[in-house]
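Residues per chain are reported as follows:
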Amino acid sequence: MSGIGFELVDLPTIFNENLFRVPDYQRGYSWQKKQVSDLLEDIGHLIKDGKSVTHFTGTLVLSRPDDSVVYHVVDGQQRLTTLSILISVVMEDVDKNERERIRGLYFSRGDYGSEIQVLSLNSQSNDLYVEHVINGRPAKDKKLYLEADQRIIEARQACRRWLSESGANGISAADVLDVIEKKLGFLVYAPKEDAETGIMFEVINNRGKSLSELEKVKNYLIYCSSKLGAKTLRKKIDSKWAGIIKNLNKAAKTSSGDEGAFLRYALIAKLGLSKSDSQKGYEMIKRRVDVDAALGDKKQRDNSVKMVDDILEFIHQSSVWYARLYGRDHSEINQDLIPVFDQLRAQVRHASIMPLFLALVSKLEHNFSRLVRLLELIEVVNFRVYMAWGMISRNDSNQAEIYAYAKHYYDGTLAAFAKENYDLDVDQFYSDESILEYLLVWFAYDVAADSRFLESFEMDADGNKDFFQWGGLRYFLMNYEAYLRPNKTIPIDKILMKRSEGKSGDFYSVEHLWAVENDQSGIGGGREAKKEKKRIGNFALLELRTNIQGNKNDLENKLPRYIDGVGNEPPSDLQQIRDVKKDYSLAKNKVDKVFQRKSKNYYLNIHHQLNNIREASFKKFAEFRWSLERFSGYQEIKEDYEGAEEVE
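Scope of this entry: the structure provided in the associated data block. (Residues numbered from 1 in each chain as written. Predicted model: local features only at pLDDT ≥ 70, side-chain atom pairs only at ≥ 80, totals over all residues. Heavy atoms only, no water.)

Topic: the overall build of the chain
- If you tally the helices and strands in the chain, you get 29 helices and nine strands.
- For the C-alpha atoms alone, the extent of the chain along its principal axes is close to 95 × 70 × 40 Å.
- Taking all 648 residues of the chain together, the buried fraction comes to 52%.
- In the chain, 71% of the contacts between residues at least 6 apart in sequence involve partners at least 24 apart.
- With an accessible surface of roughly 30000 Å², the chain has 47% of that area assigned to carbon and sulfur atoms.
- For the chain, the distance from the average position of its 93 positive side-chain charges to the average position of its 98 negative side-chain charges is 4 Å. (Helix = DSSP H or I, 4+ residues; strand = E, 2+ residues; numbered from the N terminus. Buried < 20%, exposed > 50% of the residue type's maximum accessible area, 1.4 Å probe, protein only. Contact = heavy atoms within 4.5 Å. Areas by Shrake-Rupley, 256 points an atom, 1.4 Å probe, with all protein chains shown as cover. Lys, Arg positive; Asp, Glu negative; His and termini not counted. Charge placed at Lys NZ, Arg CZ, Asp CG, Glu CD.)

Quick word on empty space enclosed by the protein
- What the rule picks out here adds up to two cavities of 30 Å³ or more.
- Computed from the structure, the largest cavity encloses a volume of approximately 110 Å³.
- Lining the largest cavity, in full, are Arg 27, Gly 28, Tyr 29, Ser 30, Glu 147, Ala 148, Arg 151, Ile 245, Leu 248, Asn 249, Thr 254 and Glu 259.
- Considered class by class, the residues forming the lining of the largest cavity number four nonpolar, four polar and four charged.
- Tyr 25, Gln 26, Arg 27, Leu 214, Glu 215, Lys 218, Trp 241, Ile 245 and Glu 259 together form the lining of the second largest cavity.
- Of all the secondary-structure elements, those providing two or more residues to the lining of the second largest cavity are α9 (213-227) and α10 (231-250).
- For the lining of the second largest cavity, the element with the highest residue contribution is α9, accounting for three residues.
- Here the residues of the lining of the second largest cavity sort into four nonpolar, one polar and four charged. (1 Å grid on protein atoms, 1.4 Å probe; cavity = no way out; pocket = protein on both sides within 12 Å on 5 of 7 lines; lining within 4 Å. Points joined across faces, edges and corners; volume = space filled by probe spheres on them. Nonpolar A, V, L, I, M, F, W, Y, C, P; charged D, E, K, R; others polar.)

Concerning the sheet that holds strand β6 (residues 119-120)
- Spatial strand order, β6-β1-β3-β2-β7: five strands in an open sheet with mixed pairing. Two strands in the sheet have a free side with no partner beyond their single neighbour: β6 and β7 (184-189).
- In this sheet, strand β3 (residues 70-75) lies alongside strand β1 (residues 19-21) in parallel orientation, the contact comprising three bridges. Opposite Leu 19, over in β3, you have Val 70 as the bridge partner. (Pairing = 2+ DSSP bridges.)

Topic: the nonpolar core
- Grouped together as the largest cluster of nonpolar side chains are 152 residues, with contacts concentrated most on Trp 241, Phe 357, Leu 360, Leu 375 and Phe 476.
- With residues up to four places along the chain from it excluded, the contact list for Leu 375 reads Leu 337, Val 340, Phe 341, Leu 344, Phe 357 and Leu 360.
- Judged by nonpolar contacts, the second largest core, of 55 residues, contains Leu 39, Leu 60, Ala 155 and Ala 158. (Core = buried A, V, L, I, M, F, W, Y, C linked by side-chain atoms within 4.5 Å.)

Focus: helix α6 (residues 147-168)
- Along its 22 residues, α6 runs 32 Å from first to last C-alpha, staying within 8% of the 32 Å computed at 1.5 Å per residue.
- Taken together, the buried positions of α6 are occupied by Ala 148, Asp 149, Arg 151, Ile 152, Ile 153, Ala 155, Arg 156, Ala 158, Cys 159, Trp 162, Leu 163 and Ser 166.
- Check the buried side of α6 and you find it contacts α2 (33-49), α3 (77-91), α5 (126-134) and α7 (173-182). (Expected span 1.5 Å × (residues − 1).)

A closer look at the pairing of strand β2 (residues 55-63)
- Pairing of β2 with β7 involves six bridges; the strand directions are parallel. Its bridge partner being in β7, Leu 60 is matched across the sheet by Val 188.
- Here β2 pairs with β3 via three bridges, running antiparallel. Opposite Ser 63, over in β3, you have His 72 as the bridge partner.

Points about helix α17 (residues 354-363)
- Counting buried residues in α17 gives eight out of ten residues, a clear majority hidden from the surface.
- Those residues of α17 that are buried are in contact with α11 (256-271), α15 (298-325), α16 (337-346), α18 (368-387), α19 (399-411) and α21 (432-447).

Focus on the pairing of strand β9 (residues 539-543)
- Here β9 lies mainly inside the structure; five of its five residues are buried.
- Here β9 shows no split at all, with Phe 539, Leu 541 and Glu 543 on one side and Ala 540 and Leu 542 on the other all buried.
- As paired strands, strand β8 (residues 508-512) and β9 are joined by five bridges and run antiparallel to one another. Bridged to His 512 within β9 is Phe 539.

Comments concerning a nonpolar patch on the surface
- A contiguous nonpolar patch, built from Leu 8, Phe 56 and Leu 187 and spanning about 240 Å² of accessible area, is present on the exposed surface.
- Within the secondary structure layout, Phe 56 lies in strand β2. (Patch = residues over 30% accessible without salt bridge, like charges linked within 9 Å, V, L, I, M, F, W, Y side chains within 5 Å. Salt bridge = Lys/Arg side-chain N within 4 Å of Asp/Glu carboxyl O.)

A word on the pattern of salt bridges
- For the coordinates displayed, the defined rule picks out 38 salt bridges.
- Residue Lys 488 pairs with Asp 573 through a salt bridge whose shortest N-O separation is 3.5 Å. Placement of Lys 488 in the loop between α23 (473-484) and β8 and of Asp 573 in the loop between α26 (555-564) and α27 (575-592) is noted, with a sequence separation of 85 residues between them.
- Relative accessible area serves as the criterion here: at 36%, Lys 488 is assigned to the partly exposed category.

Details of the packing of α11 against α19
- Following both chains from N to C, one finds α11 and α19 inclined at 55 degrees, their axes separated by 7 Å at the closest point. Judged on the interaxial angle alone, α19 and α11 are oblique. Each of Ile 268, Ala 269 and Lys 270 in α11 lies in contact with α19, whose residues at this interface are Tyr 403, Ala 406, Lys 407 and Tyr 410.
- Taken together, the residues of the contact of α11 with α19 break down into five nonpolar, no polar and two charged. (Axes fitted to C-alpha atoms, helices over the stretch in contact; angles between N-to-C directions. Parallel < 35°, antiparallel > 145°, perpendicular 65-115°, else oblique.)

Description of the packing of α27 against helix α28 (residues 602-625)
- As a packed pair, α27 and α28 sit with axes 8 Å apart at the nearest point and diverge in direction by 130 degrees. The orientation of α27 with respect to α28, classified from their angle, is oblique. For the element pair α27 and α28, the recorded crossing hand is right-handed. Contacts from Gln 576, Val 580, Asp 583, Tyr 584, Leu 586, Ala 587, Lys 588, Lys 590, Val 591 and Asp 592 of α27 reach α28 at Tyr 602, Tyr 603, Asn 605, Ile 606, Gln 609, Leu 610, Ile 613 and Arg 614.
- By residue class, the composition of the contact of α27 with α28 is ten nonpolar, three polar and five charged. (Left-handed = near helix turned anticlockwise from the far one by under 90°.)

Okay, structure coming up:
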């Protein structure tokens, strides 16, 4: 790159006669409000300072694969992109000649119709970058864009506001541009050899820079392929990692936390890492793939290259299934998988089952009947153990067992594992899938036996439970509606929507039948009344519009509005609401046989009876919906446990 040495290099020098591209294997634009504000604040200070000293702005690491004329931005893309966004805003406030100079230096060059883009983002975000940043056209509704695109839009809005506020304080666009071009300096490193690029990636990993664990793993795989001279694998990493980034975008799993969780789940399944070791995926892979030891030994070198390839393939394939599960990319999967995918996606906890999910879909990709059955079992296990109230002491309890199943099933050692750890007669099983099914049933029954599972829907003796606080309540009620109306398609995904996203009947919320803050019917505010209001029978699913209508009215007044509608608003379309009316009448008739309307606690007794009726219905439904009975080994396991209890 002409004009670049070891000194701090300014932006005009960096961009002069050069072209840049953020490769697809890099994550999208990720700067949030704080990082953008910090950069703008630095520029503001430099304007006020007035000194001519160059301000160190960051490091820019570039590579030029296959002697391309375009530099790939390996490191520094966030800062470079943000500065280009700011420059695009500044460009709007300068004269025509300066605008043309800026455009030709930083954005596009060449004759009209044959322009060459100077800085290109990855393929996921480049169209938005061209339209909104380079061409200055307004962005559409942010909800239409990927998360990285939304951040680009927000960054440009922040730059526009800041420049307007600076102008009000006497700072011109020319002042801002002068600082950007003359006082911001970068350390630029552009190695000529791809092997140097590989070393550079490992340096980036270890220099204390804030990288996600997923980025560190990507960098290390590139480093390994470069050091070991695996040129084909090096190109494959670029291609596959671009797919990984694309799939995580489809899945809307692009935050550092989401990426980290995805990597942990994949490495637990692929490498059999423990939960604690999976938090350090980069270090664990370094231990498995010892590049230095492989350099002098061809056999070890080949084994290391194969291991890198295997890890890459599994992470990529896992991202494909992430897109299918979370992003609803159902174009290439058997239609029988879609209903169970919908159920799994809507569950509120996934951490314990995801390694096993990834192991299953990778091994049974072409055996849909077995895959559907085992995924249905996983959904049952996850609800009974990790979502039902009080089955486990912590969200991550008993994860080690599920993780072990994932690891041993994936690597083909499940039979030996089951025989050694559970003294299981594995010869009676015809496949690893049948062994896994048995182990999962055993696991679920051991933690959440039938009686204990059903008790989880009851109020505790002290009245401490509040089912409104139960994270699985909406999922439970949505499934209950599907149970009541088996011939109607119930949009299970709507339970994932936030209240702010709901419009009219497009959002289902949880309604207190007897409102916490309303007592028109004289239920009272005593201990027993508070306890009844927290029981599961006091809750029903309701369309947001209907819930707003009823608000906190008395149940006797709300029910007709729910059933018949009010004004221009239609009635509720939910069967469980119609059942509430029937159950309320039944409860009232029971109480009327014993108490008069003016009797003390008349309505409290009705509420108690209504809760009893609905709780019994809920328990009957739960016993059916999340039953283990249809899975292999249930009867044997149940009898063993019942026999053990009798002995005790």
